[in-house]
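Here is how the chains run, residue by residue.
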Amino acid sequence: MKRIRLWGLMAGLLLLLVGYGRAATTGVTKSVTTQGHRYIPTLFFHGWGSSYHAETHMADAIVKAGKTQTIVRAMVAKNGTVTLKGHFRLGDYRPIVEVNFANNRSSDYPTVGRWAKNVVVALQRTYGITSFNMVGHSMGNMAITYYLLANAQNKRLPQLRRQVAIAGHFNGILGMDDRPNQMTLNAAGRPNKLRPAYRQLLGLRRVYPRQQVRVLNIYGDKGDGTHSDGSVSNASSRSLRYLVAARARSYREVKITGKHAQHSQLHENAQVDRLLIDFLWPTH
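Please read all numbers here as calculations on a predicted model, not as lab measurements. (Residues numbered from 1 in each chain as written. Predicted model: local features only at pLDDT ≥ 70, side-chain atom pairs only at ≥ 80, totals over all residues. Heavy atoms only, no water.)

## Side note on the pairing of strand β7 (residues 214-221)
Rule in force here: Think of it in three bands: with a 1.4 Å probe and only protein chains considered, a residue is buried below 20% of the maximum accessible area for its type, exposed above 50%, and partly exposed in between. Strands are runs of DSSP state E lasting at least two residues, helices are runs of H or I lasting at least four, and both sets are numbered from the N terminus onward. Two strands pair under a simple rule: DSSP has to find at least two bridges between them.
Of all the eight residues making up β7, seven are buried; the element is thus mostly covered by neighbouring parts of the structure. Note that strand β6 (residues 159-166) and β7 share five bridges and pair parallel. Note that in β7 the partner of Ala165 across the bridge is Asn217. Direction of pairing for β7 relative to strand β8 (residues 250-257): parallel, over a ladder of eight bridges. Looking at the pairing, Leu216 lines up with Arg252 of β8.

## Quick look at the nonpolar core
Filter applied, for reference: What we call a nonpolar core is a set of buried Ala, Val, Leu, Ile, Met, Phe, Trp, Tyr and Cys residues that are connected through their side-chain atoms within 4.5 Å. The contact criterion used is simple: two residues touch if any of their non-hydrogen atoms lie within 4.5 Å.
Counting 53 residues, the largest nonpolar core has Phe45 and Phe88 as its most contacted members. Counting residues per element, this core draws most heavily on helix α3 (residues 109-127), which supplies ten residues. Residues within four places of Phe45 in sequence aside, it is in contact with Glu55, Val99, Phe101, Ala116, Met134, Val135, Gly136, His137, Gly140, Ala143 and Ile144. Grouped together as the second largest cluster of nonpolar side chains are 22 residues, Ile62, Leu266, Leu276 and Phe279 included.

Listed below in structure tokens is the structure:
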């Protein structure tokens, strides 16, 4: 009889502890959600054929610089469904979100843009965020720009504050629809020849938020005479200016040179890390 009573007591205590743990977790989640307007996450989008691992170097540099201690992963399934791995922390209002596309070889830019929206909506529903930043490398920039093309004027969604483009191929890729030193830009930044995707992106000139988003455009020049990072011409990367600069709150271009200016090296570049940190979280 004593043994039965002891087991009953232990079972009751276990249930009490489990209930307390669930209540505490729920309380934290509710607290984070109610403070959602204070959280400004920075979403990182990787390039074609890549994964969130391409974002790790930059994210780790940001953590090391003391800007955040929170890294959450947004895993996007092939059907676009988003699963968040990790949690925002109370009081850590600058979390990083590493986006990972399971279908990482899609060149269907409108679809990739919808996947980006799914990530934004998942963060809005889970944490109540009202604003955010976006960082893209290579094709990740197409996810961002096509997201904006469809949703920049949607005030029911969180609003973009800062956008960083790294090695963006807005108007073509070398070896596919561009060749070294073939593309030129006029005084306004408009390319002499417009690729199909860029023609679609011209809509950004009408819908990009006015005086809201600060933009940093980083591109690489290997210094080998191609005026490119080896995969994307500088003109293709710089053609972003014509799309958004007139409506952006600010627009800045930075050219990276040297051996780490190669296309895939730009997301492993200490100079790029510093540019990101200073731009996303200025001290002044």
